[in-house]
Amino acid sequence: MPDRKMLLLHTPQINISTPSTGRMWLICGCAFLCIFQSALTDHGRSLIIALVALISALLVEFLLTRRESGLAKIKDGSAAATALLLVMMLPNQIHPVYAALGAAFAIVVVKYSFGGLGSNWLNPALGGWLFVRFSWPLAFSNALENSSASISEMIVSPDIIAADNSVTEFLNSYVFSIAGVQIPSGYIGLLFNNSPGIIADRGLFAFLIGTIIITAIGINRGWIPLAFLAVYGLLIRFAGDLSDVFWNGDVIYGIFSGGTILAAFVLAAEPSSSAKLKPGILFAVILSAVLSWFFRYRCMDYSGCFIALAFVNCLTPVIRLIEEKIFFTRNKHGLNLRLSVEAKEKLL
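Right, let's walk through the structure included here.

How each quantity is defined
- Residues numbered from 1 in each chain as written.
- Predicted model: local features only at pLDDT ≥ 70, side-chain atom pairs only at ≥ 80, totals over all residues.
- Heavy atoms only, no water.
- Helix = DSSP H or I, 4+ residues; strand = E, 2+ residues; numbered from the N terminus.
- Buried < 20%, exposed > 50% of the residue type's maximum accessible area, 1.4 Å probe, protein only.
- Contact = heavy atoms within 4.5 Å.
- Areas by Shrake-Rupley, 256 points an atom, 1.4 Å probe, with all protein chains shown as cover.
- Expected span 1.5 Å × (residues − 1).
- Axes fitted to C-alpha atoms, helices over the stretch in contact; angles between N-to-C directions.
- Parallel < 35°, antiparallel > 145°, perpendicular 65-115°, else oblique.
- Left-handed = near helix turned anticlockwise from the far one by under 90°.
- Nonpolar A, V, L, I, M, F, W, Y, C, P; charged D, E, K, R; others polar.
- Polar contact = N/O pair within 3.5 Å; in protein donor to acceptor, adjacent residues only side chain to side chain.
- Core = buried A, V, L, I, M, F, W, Y, C linked by side-chain atoms within 4.5 Å.
- Patch = residues over 30% accessible without salt bridge, like charges linked within 9 Å, V, L, I, M, F, W, Y side chains within 5 Å.
- Salt bridge = Lys/Arg side-chain N within 4 Å of Asp/Glu carboxyl O.

Another point: the overall build of the chain. Helix and strand content of the chain: 16 helices and three strands. Considering the chain as a whole, with its 348 residues, one finds that 51% of them fall into the buried category. Taking as baseline every contact in the chain between residues at least 6 positions apart, the subset at least 24 positions apart corresponds to 76%. When the accessible area of the chain is evaluated, it comes to approximately 16300 Å², of which 68% is carbon and sulfur surface.

With that settled, the discussion passes to helix α1 (residues 20–39). An α-helical turn contains 3.6 residues, so a residue and the one three or four places further along point in the same direction. Along its 20 residues, α1 runs 28 Å from first to last C-alpha, staying within 8% of the 28 Å computed at 1.5 Å per residue. Of all the positions in α1, only Arg 23, Met 24, Ile 27, Cys 28, Cys 30, Ala 31, Cys 34, Ile 35, Gln 37, Ser 38 and Ala 39 are classed as buried. Those residues of α1 that are buried lie in contact with α2 (45–65), α4 (78–89), α9 (199–202), α10 (204–217) and α13 (260–267).

Look at helix α14 (residues 278–298) against helix α15 (residues 304–327): their axes get within 9 Å of each other, and the N-to-C directions meet at 155°. As the angle between them shows, α14 and α15 are arranged roughly antiparallel. The handedness of the crossing between α14 and α15 is right-handed. On the side of α14, the interface is formed by Pro 279, Gly 280, Ile 281, Phe 283, Ala 284, Leu 287, Ser 288, Leu 291, Ser 292, Phe 295 and Arg 296, while α15 contributes Gly 304, Cys 305, Ile 307, Ala 308, Leu 309, Phe 311, Val 312, Leu 315, Ile 319, Glu 323 and Phe 327. Considering only residue class, the contact of α14 with α15 consists of 16 nonpolar, four polar and two charged.

A pair of packed helices is captured by two measures, namely the crossing angle of their axes and the spacing between those axes. At their nearest, the axes of α13 and α15 sit 8 Å apart, and the two run at 30° to each other. Judged on the interaxial angle alone, α15 and α13 are roughly parallel. Crossing of α13 against α15: the hand is right-handed. Of the residues in α15, those in contact with Thr 260, Leu 262, Ala 263 and Leu 267 of α13 are Cys 305, Phe 306 and Leu 309. Split into classes, the residues belonging to the contact of α13 with α15 amount to six nonpolar, one polar and no charged.

Turning our attention to the side chain of Glu 270. Relative to the helices and strands, Glu 270 is located in the loop between α13 and α14. In terms of polar contacts, Glu 270 uses its side chain to reach the side chain of Arg 23, at 3.3 Å. Setting aside its immediate chain neighbours within four residues, Glu 270 contacts Arg 23 and Asn 123.

On to the nonpolar core, then. Among the nonpolar cores identified, the biggest contains 80 residues, and Met 88, Phe 228, Tyr 232 and Leu 262 are the most heavily contacted of them. Among the elements that make up this core, the one with the highest residue count is α4 (10 residues). Not counting chain neighbours up to four residues away, the residues in contact with Leu 262 comprise Leu 85, Met 88, Met 89, Ala 200, Phe 207, Leu 267 and Phe 306.

Now for unusual backbone geometry. Residues other than glycine seldom take positive phi values, yet His 43 does so here, at roughly 60°. Assignment of secondary structure puts His 43 in the loop between α1 and α2.

A contiguous nonpolar patch, built from Leu 33, Phe 205, Ile 209, Ile 213 and Ile 217 and spanning about 390 Å² of accessible area, is present on the exposed surface. Among the elements that take part in the nonpolar patch, α10 stands out by supplying four residues, more than any other. Structurally, the position occupied by Ile 217 is in helix α10. On the basis of relative accessible area, Ile 217 is assigned to the partly exposed category, the value being 41%.

Another aspect to go through is the environment of Leu 204. Relative to the helices and strands, Leu 204 is located in helix α10. Residue Leu 204 is classed as buried on the basis of its relative accessible area of 2%. For the pair formed by Leu 204 and Gln 37, sequence separation is 167 residues and the distance between their alpha carbons is 8.1 Å.

This is the structure:
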């Protein structure tokens with residue numbers, strides 16, 4: 001039987017059943033849930049930031065593509081998803097103008113300077129976040145004043161504290177008692193953080209619901225966030241408490257803060273800015289988790305996950321080149337895997 005060839009004539013993507021347009025709008029819905037929860041406790045400020053960033057991204061996208069397809073590019077949802085993901089990474093106290101500038105930078109420089117959707121090696125939302133973070137560091141740090149990124153305690157309402165104690169008592173009595181362990185109160189409050197901070201942390205409960213939806217629908221590969229969280233949590237547990245006592249790190253707090261859930265379920269699982277095959281993807285995910293722990297707990301940067309993922313995105317062309325050298329052959333038709341059909345299915 002002749003060996004079947006798998007030709008890769010265009011920019012390779014991870015095999016995901018959901019079309020790109022549907023995937024983008026689902027991510028937009030997931031991000032909106034998070035932003036909406038954050039807006040409930042900051043007098044709508046998070047929604048204003050999101051609206052300004054969204055208008056900026058859509059306007060820039062329209063101006064760049066008006067001669068080619070007009071509104072068609074906007075309908076694919078990529079610009080909207082970029083703007084809303086960027087907003088989730090920003091503090092809820094930052095001035096909306098910075099969000100607008102970050103969204104414009106993400107579309108013009110990161111997305112279209114590399115050829116548009118699917119051709120960029122850096123996630124546009126991450127690029128916009130880096131632009132805001134390092135172009136206006138004082139404004140960014142001032143927006144995080146009195147947040148959990150700058151102080152050790154969160155501002156949580158008395159109702160949330162009472163609910164936290166009740167839920168914790170229930171879980172200790174009927175769930176964790178089976179394993180003979182008890183968890184202290186305070187962790188449920190992480191899901192309803194009212195203090196100033198990045199919007200992804202302030203809307204964590206709603207965002208977790210969104211991650212369940214996008215994972216169940218299958219717009220990303222579920223093993224990617226699981227691998228990220230497993231490595232990141234293990235490192236936190238081993239040496240994440242910043243002391244000389246090992247195996248004493250607070251894994252729950254580490255995962256439920258610092259935008260970790262956003263990094264694991266959306267940014268790390270983004271197909272256009274990742275490797276092509278499972279070995280390369282797994283290497284990138286593990287490296288991202290290790291660097292996320294390093295930047296947060298050794299470099300003392302609360303948003304270490306975002307910096308780590310941006311750094312790994314910069315290595316994506318190198319990872320793809322290595323994959324091409326190892327797994328692919330080139331001919332006049334393009335690239336094709338040089339392995340058997342069974343091996344191809346495992347790699348993809």
